[in-house]
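Now for the letters of each chain:
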Amino acid sequence: QVQLVETGGGLVQPGGSLRLSCAASGSISAIGAMGWYRQAPGQQREMVATITPASLTHIADSVKGRATISRDNAKKTVHLEMINLKPEDAAVYYCNIWLMADTAHVYSPYWGQGTQVTVSS
């Protein structure tokens, strides 16, 4: 059984920084693309940043210059670091990992449980 566990988040002051981490565990054969998404109240879930197995990254325009995504393939972990946070960055952040479970023959998307990020003074 595959599980994704997110850590980080919480209350951050405007202009502050945060680091989110997401670790995959369980019977995993291979890991593909990884990413972070966020969803604010009343809004659709949106992509924040993604990273390929070769560590090619794509950063949303709304956070470009403020967000960095990285991955540790050996630890099956993806990280999101953000600086200069703004009130509009407040949302529930979800990690997304495409992986192949031991019992499967195709990659499927898995989601973390979500972690709340609040930006307020």
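Fair warning: this is a prediction, and the values are worked out from it, not measured in the lab.

About the cut-offs
- Residues numbered from 1 in each chain as written.
- Predicted model: local features only at pLDDT ≥ 70, side-chain atom pairs only at ≥ 80, totals over all residues.
- Heavy atoms only, no water.
- Disulfide = S-S within 2.5 Å.
- Helix = DSSP H or I, 4+ residues; strand = E, 2+ residues; numbered from the N terminus.
- Buried < 20%, exposed > 50% of the residue type's maximum accessible area, 1.4 Å probe, protein only.
- Core = buried A, V, L, I, M, F, W, Y, C linked by side-chain atoms within 4.5 Å.
- Salt bridge = Lys/Arg side-chain N within 4 Å of Asp/Glu carboxyl O.

### Observations concerning the state of the cysteines
Where two cysteines share a covalent bond between their sulfur atoms, that bond is called a disulfide.
Thought 1: Taken as a whole, this structure holds 1 disulfide when the rule is applied.
Thought 2: Covalent S-S linkage joins C22 and C95, the inter-sulfur distance amounting to 2.0 Å. Placement of the pair is C22 in strand β3 (residues 18-25) and C95 in strand β9 (residues 91-101), with a sequence separation of 73 residues.
Thought 3: For C22, a relative accessible area of 0% gives the class buried.

### Digging into the nonpolar core
Thought 1: Ranked by internal contacts, the top residues of the largest apolar core, which has 31 residues, are W36, V78, L80, Y93 and I97.
Thought 2: When residues of this core are traced back to their parent elements, those giving at least two are β3, β4 (28-39), β5 (46-51), β7 (67-72), β8 (77-82), β9 and β11 (115-119).
Thought 3: Examining the composition of this core, we find that 6 residues originate from one element, β9, more than from any other.

### A few points about unusual backbone geometry
Thought 1: Positive phi values are uncommon outside glycine, yet K76 reaches one of about 55°.
Thought 2: Here K76 shows up in the loop between β7 and β8.
Thought 3: Here K76 falls in the partly exposed class, since its relative accessible area comes to 28%.
Thought 4: Positive phi, normally seen in glycine, also occurs at N84, with a value near 50°.
Thought 5: Assignment of secondary structure puts N84 in the loop between β8 and β9.
Thought 6: Owing to a relative accessible area of 41%, N84 belongs among the partly exposed residues under this scheme.

### Considering the pattern of salt bridges
Thought 1: Counted according to the given criterion, the structure contains 5 salt bridges.
Thought 2: As a salt-bridge pair, R38 and D89 come within 2.9 Å of each other at their nearest N and O atoms. Note that R38 is positioned in strand β4 and D89 in the loop between β8 and β9, a separation of 51 residues in sequence.
Thought 3: Take R38: its relative accessible area is 5%, and that puts it in the buried class.
Thought 4: Within the structure, one salt-bridge network assembled from shared partners comprises R38, E46, R66 and D89.

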